[in-house]
Each structure stands twice: as structure tokens, then as C-alpha cells.
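Next come the chains, spelled out residue by residue.
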Amino acid sequence: MLSGRLYWVPLLLALGVGSGSGGGGDSRQRRLLAAKVNKHKPWIETSYHGVITENNDTVILDPPLVALDKDAPVPFAGEICAFKIHGQELPFEAVVLNKTSGEGRLRAKSPIDCELQKEYTFIIQAYDCGAGPRETAWKKSHKAVVHIQVKDVNEFAPTFKEPAYKAVVTEGKIYDSILQVEAVDEDCSPQYSQICNYEIVTTDVPFAIDRNGNIRNTEKLSYDKQHQYEILVTAYDCGQKPAAQDTLVQVDVKPVCKPGWQDWTKRIEYQPGSGSMALFPSIHLEMCDGAVSSLQIVAELQTNYIGKGCDRETYSEKSLQKLCGASSGIIDLLPSPSAATNWTAGLLVDSSEMIFRFDGRQGAKIPDGIVPKNLTDQFTITMWMKHGPSPGVRAEKETILCNSDKTEMNRHHYALYVHNCRLVFLLRKDFDQADTFRPAEFHWKLDQICDKEWHYYVVNVEFPVVTLYMDGATYEPYLVTNDWPIHPSHIAMQLTVGACWQGGEVTKPRFAQFFHGSLASLTIRPGKMESQKVISCLQACKEGLDINSLESLGQGIKYHFNPSQSILVMEGDDIGNINRALQKVSYINSRQFPTAGVRRLKVSSKVQCFGEDVCISIPEVDAYVMVLQAIEPRITLRGTDHFWRPAAQFESARGVTLFPDIKIVSTFAKTEAPGDVKTTAPKSEVLEEILHNLDFCDILVIGGDLDPRQECLELNHSELHQRHLDATNSTAGYSIYGVGSMSRYEQVLHHIRYRNWHPASLEARRFRIKCSELNGRYTSNEFNLEVSVLHEDRVSDKEHVNHLIVQPPFLQSVHHPESRSSIRRSSVVPSIATVVIIISVCMLVFVVAMGVYRVRIAHQHFIQETEAAKESEMDWDDSALTITVNPMEKHEGPGHGEDETEGEEEEEAEEDMSSSSGSDDSEEEEEEEEGTGRGRHGQNGARQAQLEWDDSTLPY
């Protein structure tokens with residue numbers, strides 16, 4: 001009976017029975033009734049331990065998940081309605097299987113992976129059903145800890161850490177372990193994740209493997225029998241699951257040890273611009289377990305056949321001198337043949353325009369005025385020379401440079417020559433400078449003079465001391481002979497190269513004492529001596545051997561480079577240190593565009609054993625560096641190629657700026673593969689911009705040389721000096737030279753001006769620019785410019801020419817009958833009398849119109865008077881401006897304000913002409929408006945050509 005009454009309590013509460021009139025009292029009564037019914041909290045165990053198999057959703061709990069409530073068997077209050085899990089992003093959920101018994105189940109919401117997480121710990125609570133069907137006043141149990149372990153499934157097979165293994169063994173030996181293979185298993189449990197066994201799959205091989213993966217040979221191997229063995233190995237985990245894929249083990253059999261360098265490549269490719277590149281990154285010396293006390297390594301880079309002994313900058317000698325900071329005043333005696341330097345045109349050229357070969361049959365005369373006749377006590381001679389032993393039993397003098405009498409006599413004033421592999425410099429002072437016995441001949445005996453290799457020679461004269469620098473090293477003469485000074489005479493002198501001029505003591509003047517060999521960059525600098533720093537810079541190679549990370553060589557390594565860095569010597573007593581040091585030896589080429597080709601590379605070794613001089617012979621390493629072809633730059637000049645200027649501007653002090661907008665751009669073609677690797681589309685070429693230097697730009701005059709009496713090309717020297725460039729000017733054009741960036745050359749070209757004092761007879765002038773990098777190795781396109789002259793005197797002679805050039809834009813495209821056209825032309829450029837007549841007529845019409853308006857329309861007097869005044873004023877201004885505006889004269893007015901005023905007046909004249917023509921013919925008005933648009937935007941060829949001139953003076 002009691003249970004029945006309690007059963008109806010929630011129902012009564014739900015129906016509102018016994019509730020008071022106030023809402024607050026009602027809820028308070030319900031809470032009191034619920035408290036009387038649901039007296040106890042559910043109860044569960046304090047902890048649970050569970051196991052779930054991965055890839056399964058059922059959790060087996062110990063003890064089972066059951067909740068009890070002392071309010072049972074009271075409905076709702078004694079029933080279990082829910083289990084709730086506390087934790088973030090847990091892959092589990094708890095469900096109630098039986099509310100009355102309180103039995104529940106824990107299950108996974110998603111597949112559980114042991115490899116991701118092996119165990120879980122969280123909190124769970126049980127909730128009863130409260131006081132009624134509305135699930136109000138639930139009570140929850142205490143918190144219980146649930147710990148679940150994930151049971152592993154052997155789902156992963158073992159995999160080897162390496163897809164293949166390689167080992168090298170020496171024939172005739174038994175090894176305990178040749179190498180070790182290792183496999184891993186991704187399962188999470190020790191049973192399935194550990195590798196319990198390895199097995200060789202390949203049959204009939206003399207190898208065995210143990211449980212740890214160590215492979216050994218079961219018999220002695222013979223190099224003659226088999227050079228290489230390939231065996232397959234598999235692995236098993238402790239669940240006896242085999243590896244998914246076998247691994248390949250390659251065992252190379254090498255013959256009995258022979259000392260030598262191992263693991264080096266014969267061909268080494270060098271990509272230009274890649275900096276310092278290691279030559280032997282894996283090289284090591286095999287000594288066959290022999291003990292050594294010291295080791296000497298000599299690495300030699302052979303570049304004798306590249307350029308002048310190695311890869312050097314191929315700029316002109318003047319440019320190189322400027323780059324190295326040499327003092328100014330250099331005179332190039334062997335320049336590239338040109339119109340201004342034609343004395344080298346008949347000489348033999350050896351593989352480059354800058355290298356001249358003399359075969360003992362020709363010489364070159366230096367024109368008078370190139371070199372001062374009398375050198376001071378200080379001057380410098382520089383040259384590159386390659387010379388071999390002199391032919392014949394008795395060698396004759398081979399003249400490099402000679403200044404002798406042109407006629408009558410055969411006196412040598414100064415000369416540089418080779419005699420019996422000795423370099424001799426002769427300097428005879430004039431009698432008026434010295435009247436005593438003075439040093440005259442300076443002799444140097446050097447092996448390099450006849451070794452058929454390129455060497456750089458500098459003869460520094462500071463009389464009476466003469467010093468020779470060869471390849472940067474200083475040499476004093478071993479012999480100095482004295483002679484009397486030369487008696488003064490009025491005989492002219494002849495300076496020659498490659499032979500000496502014999503002007504006297506012969507029936508016919510001729511060359512004698514010919515030179516056999518090659519010369520380049522032969523220069524003389526009067527009044528100056530070169531410093532050691534400049535000399536070293538001029539002969540420096542741009543390629544050579546290098547060492548990466550010198551600090552990591554170790555204290556036990558000694559090394560030494562020769563001056564050109566073509567030879568490296570290293571010494572040490574530890575083979576391991578020597579190996580690491582040689583692995584750091586690299587090749588470097590600092591040129592942006594190096595000379596492509598082969599550089600021989602040799603490494604010789606000398607091993608010293610304890611108590612012996614040389615104990616082991618190490619074969620020489622013979623390799624080569626292949627310098628690949630550099631990217632070919634494409635130098636492009638672009639800008640305005642045709643414009644007009646008035647004659648007055650040509651006569652002005654500033655002249656006409658020729659290249660105000662010229663641009664110099666260099667690009668190279670880069671091949672790009674198509675985005676889809678499966679497609680068979682051909683590779684596309686993309687042009688990318690590249691920055692590099694230029695060494696000269698020539699501005700040539702086309703169609704005849706300049707007349708210095710009336711025209712010239714000008715450039716402020718400050719524009720050159722602040723950009724470290726030089727220039728030469730002649731009637732043939734302007735030459736800017738010196739190593740500088742493309743932007744520097746652009747800035748200088750922007751300031752080139754052309755002046756003409758008498759442009760009356762000049763129609764146009766044409767110019768051509770061509771720029772170069774590396775002394776002509778890479779050249780630009782030929783950019784042609786034409787500058788036309790607008791003559792003022794032709795305006796009055798030929799009015800139709802004036803119309804063609806300067807008539808207002810709104811008249812450009814208007815077509816009329818012949819009579820109307822003649823009237824229109826006469827109205828555009830009238831005489832002064834016509835102007836006066838038109839103004840008078842306009843004033844008369846104005847007075848008459850005012851009288852008529854006063855009589856007829858009295859009430860509109862003021863308004864119409866104002867309108868007539870405005871209209872008449874506009875008509876008068878427009879007609880006057882149309883008559884007097886002459887754009888040919890606007891170039892003479894420099895003020896910008898005048899240009900704006902004239903532009904406004906032209907616009908008013910344009911409106912007047914359009915309105916007047918509209919009263920006659922509407923179609924003509926439309927044509928005029930179309931013509932105005934075309935004139936303003938320069939759509940036709942004739943108008944576009946005029947706009948090149950109109951832009952500077954006529955505002956649009």
C-alpha cells in the first residue's frame with residue numbers, strides 16, 4: 001500500500017495536484033516530494049580494469065559494470081538510467097543494458113589502434129532515473145576509475161630499415177661478421193613487435209646469418225671464382241609472421257689488398273657559378289694495414305692550355321688595369337684591331353683577339369704619337385708571354401719591343417728582347433741627359449722564359465734600378481752592363497712590336513730580330529711604376545684549388561699553395577687526417593662566365609715508413625675537371641629609335657639628348673619541364689633576367705663621320721668619373737669603356753648629347769649603339785637611332801608643310817571640297833592685315849547687334865547684352881588664337897607656364913572652330929570630332945611621328 005502511494009506521488013506532482021496558487025511554492029513542493037522518494041545515490045565499484053582487442057568495440061571489464069541503488073524497487077528512483085564517462089575526446093561510451101538490474105556495458109565508439117595508444121584511463125559515474133518520468137532530481141554515484149589496456153593484433157609484418165645492404169670483403173678471409181641487417185615491426189606488443197629470427201632465402205651461398213642479423217661467410221671467398229654475391233634475407237617476428245619484402249644484400253669480393261686511393265671519380269663536372277666544389281668527397285687511401293710514419297700529397301691542377309695559363313678575366317688590358325687599381329696613362333701596344341688601332345690587323349691571332357702569335361716573319365709598327373718619344377726615368381712595361389727554346393744552333397735576339405732609328409742609323413734607344421732563354425732590357429740614355437758610363441742592359445736568366453707556358457712579366461724602371469716581376473714574384477737582374485749615352489740627332493724613331501726596325505746600315509729599311517712565340521696585353525706606362533699589389537692582381541688566376549673549412553683540417557696537417565693556387569702540398573702522419581683533408585680539397589672558378597673545357601687534375605703521393613725512406617708506391621690519381629658551358633647571356637638595347645627636334649635645340653648649349661630612355665637588359669633562356677610529368681609535351685623556354693658587367697659601349701655615327709667644324713657628340717666627364725668609366729671621342733663616334741654594371745652604362749648613355757651649330761642643311765642624323773661584355777665575347781643587338789630636324793624657315797615658304805606639322809589636332813582628319821579647304825588653310829595662318837580686318841569686322845557686328853537687340857527686345861536687354869558680349873568675346877579670342885598660334889615657335893619659350901597658357905588657348909580655338917563648322921555641316925562636325933580623337937591619341941602614323949616632338953611643347 002505504501003509503494004502504491006509512493007508510485008502516485010510523482011504523478012500527482014506532474015499533474016499539479018496539491019500545488020499552491022504561487023509558482024514558487026509548487027516547485028518547492030515538488031522538490032520536497034522528490035527528496036522523499038529518491039533518497040539514495042547509485043553505487044558502483046571504485047575501480048575497473050578492462051581489456052579491448054584493437055579493431056574491436058567490446059571492452060571486457062573486471063568487475064563487470066553494474067550499478068545498485070537502495071531506492072529499488074521504487075520506480076525511477078531505484079532504477080539506473082545512465083553511465084557517464086568524464087574525459088576529453090575518449091573513444092569509449094557506456095550504455096545501460098537493464099535499468100532495473102543496473103547492468104551496463106562499456107564499448108568503443110570507433111576502432112581502437114594499439115599502435116596509436118596502448119592504454120586508456122578515465123572516470124565513470126552512474127545516474128539513477130530521478131523522481132519521475134521527467135528525469136528530474138537525478139542522483140549520481142561516486143566517481144570510479146576505469147583503466148583499459150588495448151590488446152595487440154599481429155597486423156604488421158617486419159620491414160627492413162634499408163632496402164638493400166652492401167659490403168666489401170677481401171678474398172681469402174673468414175669474417176665473424178661481414179655486416180648486420182636489421183628489421184623492425186610496427187606492432188605495439190613485445191610479442192609481435194620484436195624480431196625473433198632472420199633467414200637467408202637464397203640457397204647455395206657460402207653465407208650464414210644469426211638471430212641478431214649478423215651475416216658471415218662460411219668459407220673463404222675467391223675473387224677469381226666470383227666477384228660479387230647477391231643474397232636475399234627475410235625476417236620473422238615473435239608471432240612467426242615473415243617480412244613483407246625481403247632485403248637484398250650485396251657482397252663484393254675484392255682481391256688481395258693493393259695500396260692506392262679508392263672511391264674517386266675520374267670525370268668531375270663543374271657548373272659555372274656553383275662556387276667551391278669538392279673534388280674527392282669520398283676519397284680514402286688504402287694502405288693494406290701497413291704502418292706509415294708520414295705521408296705527403298701533391299695535388300696539381302693543370303690549366304696551361306686554358307687562356308694565358310689559366311682562366312683569367314678576358315677584359316681588355318685597360319679595363320683590367322682599372323679593375324686592379326692601376327694608375328692611369330696606360331698605353332696598349334697590342335690592342336684588338338680596329339679603325340683607330342689598325343697596326344695589329346696584319347698579325348696572327350691565336351684563338352683569341354687578345355693573343356697574338358709571332359712566327360718569326362712579321363712585326364708591327366706603332367704609329368707616331370701613341371707613345372711619347374722620350375720616356376722619363378720612371379715607366380713600366382707589362383706583358384703576357386709564352387715562349388719556347390729559340391730555333392737554330394746559334395740563337396739570335398728575339399725582339400718583343402724595340403724603339404730604334406727610323407732612317408740613316410741603326411741605334412736602339414730602348415728594347416725588350418729574349419736571347420738564349422734570357423730576358424734582356426736595353427735602355428740607352430740620351431747624351432744631354434747623361435755624359436757618363438751608365439747602366440744600359442739588364443739581364444735575367446729564368447727557366448720560365450723558355451718553358452712554353454704563359455707567364456706575366458712586369459718591368460718596372462726607376463733608372464738606374466730596373467726590377468722584373470714574373471707571375472708576381474720579384475727578380476733582380478743577374479747581369480747589368482754599362483754603355484755610353486746616345487749622341488743627340490734629329491733622326492726620327494720607330495717603335496715596333498715583334499721585331500726591331502732596321503733603318504740604317506742596310507740598302508732598304510726592314511724588320512730584323514723577329515720574335516717567336518705568343519704575346520698578349522703588351523702595355524707601357526710612362527712616368528709611373530706599378531705596385532706589388534696591382535701586379536699580383538693583374539696576373540691572378542680566377543680558378544684554382546681551394547680547401548673547404550680550413551679550421552677542420554686538424555693540427556696534424558701541414559699544407560702549402562703556390563701563388564696561382566694550382567698546386568697544393570699537404571703533409572701529415574695520420575692516414576685518417578690525410579683522407580679527411582683531401583676530401584676537403586675543392587675547385588673554384590670565380591668568373592661569372594668561365595672558359596669551358598677540361599682541366600687536368602693529378603694527385604701524387606709519397607709514403608714514408610718507420611726507418612725507411614719510401615716503403616710503398618702509391619699509384620697516381622689521374623682525373624680531370626670538366627667546366628661546363630656557361631649560360632649565354634642575350635644583351636638587348638631598347639628605347640626610342642626615331643624622334644624630331646627643332647633646329648634651335650640642336651644649336652643650343654645643351655644640344656639634343658640622344659638616348660634619354662634607353663634600357664640595357666640581359667636575359668638567358670631557361671628550359672622548364674611541363675607541370676604534368678606524365679605529359680609528352682616538349683619543354684618550354686622561359687627568359688630570365690641576369691645581371692652582369694659590361695666593358696664597353698660604342699656609339700657610331702651612321703652615314704658619314706661628324707664634321708668637327710659644326711657638330712659633335714658631348715658627355716660630361718663627371719658622369720664618367722663618378723661611375724668609374726672612361727671614354728674616347730672621335731668623328732666616327734663615342735666609345736665608353738671600363739668594367740661596370742649595366743645600370744652604370746645606362747646612366748652614362750642617358751647623358752650623351754648631340755650638337756650642331758649649323759643645322760640648316762641637316763635633315764637627320766643616324767646613330768648606332770652596340771655594347772659588349774668580356775671584350776666582345778658577348779655583344780648586344782645593334783640599336784639604331786634617327787634624329788630628325790624641324791626647320792623654322794620652311795614654315796613661311798611652304799604653308800602646307802606647316803599644316804602637316806603644327807596644325808591643331810582637331811583639323812587632322814577633316815576633309816572638305818577644294819574651295820572650302822583653301823579658305824580653311826588661309827584662316828589657320830593668316831597675315832597681320834587679315835587679323836586686323838577680322839577684328840574690326842567683329843567689333844562692327846557687335847555694335848550693330850547691340851542696337852537691334854535694344855529696339856526689338858527691350859525687356860531682355862540686359863540678358864542678351866551679356867550673352868552677346870560673352871559670345872563675341874569667345875569668337876574674338878578663338879579666331880585670334882587660331883591665327884597666331886604657331887607651335888613651331890613654342891620650343892623657344894622655356895617657361896612651363898607659357899605652355900599651359902598656349903594649351904588653354906588652343907582648346908578655346910578648337911571649340912570655336914568646331915562650333916562654326918557645326919553650323920555649316922553636322923557631318924563635318926562629326927568628322928572633326930573623330931579627327932580630334934585620333935589626333936589626341938596618336939592613332940595614325942604621321943601624327944604619331946609628330947608627337948615625338950609635340951610631347952615636349954604642346955599640352956594635350
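Structure: see above.
Small disclaimer: the values here were computed from a predicted structure and weren't measured.

The rules we used
- Here the residue numbers are simple positions, counted from 1 along each chain's written sequence.
- Local features are withheld for residues below a pLDDT of 70 in this predicted model, meaning they are given only at 70 or higher, and side-chain atom pairs are given and counted only at 80 or more; totals for whole chains, interfaces and linings count all residues.
- The basis for every side-chain value is the complete set of non-hydrogen atoms in the structure, without hydrogens or water.
- The way it works is that DSSP assigns letters per residue, a run of H or I at least four long becomes a helix, a run of E at least two long becomes a strand, and they are numbered from the N terminus.
- Residue burial is assigned from relative accessible area. The probe radius is 1.4 Å, only protein chains are included, and a residue is buried under 20% of its type maximum, exposed over 50%, and partly exposed in between.
- Should any heavy atoms of two residues lie within 4.5 Å, those residues are considered in contact.
- Areas reported as accessible are Shrake-Rupley estimates using a 1.4 Å probe. Residue values count occlusion only from the protein chains shown.
- Comment: arc refers to directions from the helix axis out to C-beta atoms.
- A patch consists of residues exposed above 30% relative accessible area that lack any salt bridge, with like charges linked at up to 9 Å and nonpolar side chains (Val, Leu, Ile, Met, Phe, Trp, Tyr) linked at up to 5 Å.
- Salt bridges are counted wherever a side-chain nitrogen of Lys or Arg sits within 4 Å of a carboxyl oxygen of Asp or Glu.
- For the charge count, each Lys or Arg is scored as positive and each Asp or Glu as negative, with His and the chain ends excluded.
- In plain terms, the charge of a residue is placed at NZ if it is Lys, CZ if Arg, CG if Asp and CD if Glu.
- Think of a polar contact as two N or O atoms within 3.5 Å of one another; within protein, one of them needs to be a possible hydrogen donor and the other a possible acceptor, and neighboring residues in sequence only count if both atoms come from side chains.
- The pairing criterion for strands is at least two bridges between them, as found by DSSP.
- Note on geometry: axes are lines fitted to C-alpha atoms, helical ones only across the stretch in contact, with angles between N-to-C directions running from 0 to 180 degrees.
- What we call a nonpolar core is a set of buried Ala, Val, Leu, Ile, Met, Phe, Trp, Tyr and Cys residues that are connected through their side-chain atoms within 4.5 Å.
- Any cysteine sulfur atom paired with another within 2.5 Å is treated as part of a disulfide.

A.B. asks: What am I meant to see in the overall build of the protein here?
C.D. replies: Scanning the protein from terminus to terminus reveals 17 helices and 57 strands. The proportion of buried residues among the 956 residues of the protein is 42%. Restricting to contacts in the protein with at least 6 residues of sequence separation, those with at least 24 account for 70%. Within the structure as shown, the protein displays about 50300 Å² of accessible surface, and the carbon and sulfur contribution to it stands at 51%.

A.B. asks: So what exactly am I meant to see when it comes to helix H5 (residues 532-539) here?
C.D. replies: Helical periodicity: at 3.6 residues per turn, an α-helix aligns residues three or four positions apart in one direction. Every buried residue of H5 is accounted for by Val534, Ile535, Leu538 and Gln539. Buried residues of H5, seen end-on, are gathered within an arc of 120° and therefore sit on one face of the element. The inward-facing, buried residues of H5 contact helix H4 (317-323), strand E26 (378-386), strand E31 (454-462) and strand E32 (465-470).

A.B. asks: Explain a positive patch on the surface here, please?
C.D. replies: Among the surface-exposed residues, Lys41, Lys84, Lys140 and Lys143 lie close enough to one another that they form a single positively charged patch. When its relative accessible area of 59% is taken as the criterion, lysine 41 is described as exposed.

A.B. asks: Explain the pattern of salt bridges to me, please; I cannot follow it from the model alone.
C.D. replies: Oppositely charged side chains can form a pair if their charged atoms are brought close together. A full pass over the atoms with the stated rule returns 20 salt bridges. Measuring nitrogen to oxygen at the nearest pair gives 3.5 Å for the salt bridge that ties aspartate 483 to arginine 428. Of the two residues, aspartate 483 is situated in strand E34 (residues 479-483) and arginine 428 in the loop between strand E29 (422-427) and strand E30 (438-445); the sequence distance between them amounts to 55 residues. Since its relative accessible area comes to 22%, arginine 428 is described here as partly exposed. A salt bridge links glutamate 719 to arginine 723; the shortest N-O distance between them is 2.8 Å. Each member of the pair, glutamate 719 as well as arginine 723, is classed as buried.

A.B. asks: Hey, could you run me through the side chain of glutamate 719 in this one?
C.D. replies: Considering the arrangement of structural elements, one finds glutamate 719 in helix H8 (residues 717-721). Assessed through its relative accessible area of 12%, glutamate 719 is described here as buried. Within the local environment of glutamate 719, its side chain forms a polar contact with the side chain of arginine 723, the two groups lying 2.8 Å apart.

A.B. asks: Could you clarify how one ought to interpret the sheet that holds strand E51 (residues 711-714) in this entry?
C.D. replies: In a beta sheet, neighbouring strands pair by backbone hydrogen bonds and run either parallel or antiparallel. Strand order in the open sheet formed by three strands is E47-E54-E51, with antiparallel pairing between adjacent strands. Sheet topology places strand E47 (656-657) and E51 at the edges, where each strand pairs with a single neighbour. Sheet analysis places E51 next to strand E54 (residues 753-756), joined by four bridges and oriented antiparallel. Note that in E54 the partner of glutamate 711 across the bridge is asparagine 756.

A.B. asks: Would you mind showing me how to read the sheet that holds strand E3 (residues 80-86) here?
C.D. replies: With mixed pairing, five strands are arranged side by side in an open sheet as E2-E1-E7-E6-E3. With partners counted over all chains shown, the strands left at the sheet margins are strand E2 (60-62) and E3, one partner each. Strand-to-strand, the axes of this sheet are offset by a mean angle of 30°, without reference to chain direction. The pairing of strand E1 (residues 47-53) with strand E7 (residues 144-151) spans seven bridges and is parallel. Across the sheet, isoleucine 52 pairs through a bridge with valine 150, a residue of E7.

A.B. asks: Any chance you could explain the nonpolar core here in plain terms?
C.D. replies: Note that soluble globular proteins tend to have their nonpolar side chains buried in a common cluster. Counting residues in each nonpolar core, the largest one holds 56 residues, and the members touching the most others are Phe659, Ile699, Leu713, Ile736 and Ile752. Setting aside anything within four residues of it in sequence, one finds phenylalanine 659 in contact with Ile699, Leu749, His750, Ile752, Phe767, Ile769, Phe783 and Leu785.

A.B. asks: Which parts of the structure should I look at to understand the state of the cysteines?
C.D. replies: Disulfide: a covalent bond connecting the sulfur atoms of a pair of cysteines. Summed over the entire model, instances satisfying the criterion amount to eight disulfides. Covalently, cysteine 196 is tied to cysteine 238 through a disulfide, its sulfur atoms 1.7 Å apart. Judged by the torsion about the S-S bond (75°), the cysteine 196/cysteine 238 disulfide is right-handed. On the criterion of sequence distance, the pair formed by cysteine 196 in strand E12 (residues 195-200) and cysteine 238 in the loop between strand E15 (228-237) and strand E16 (247-254) is long-range, its members being 42 residues apart. Given a relative accessible area of 26%, cysteine 238 falls into the partly exposed group.

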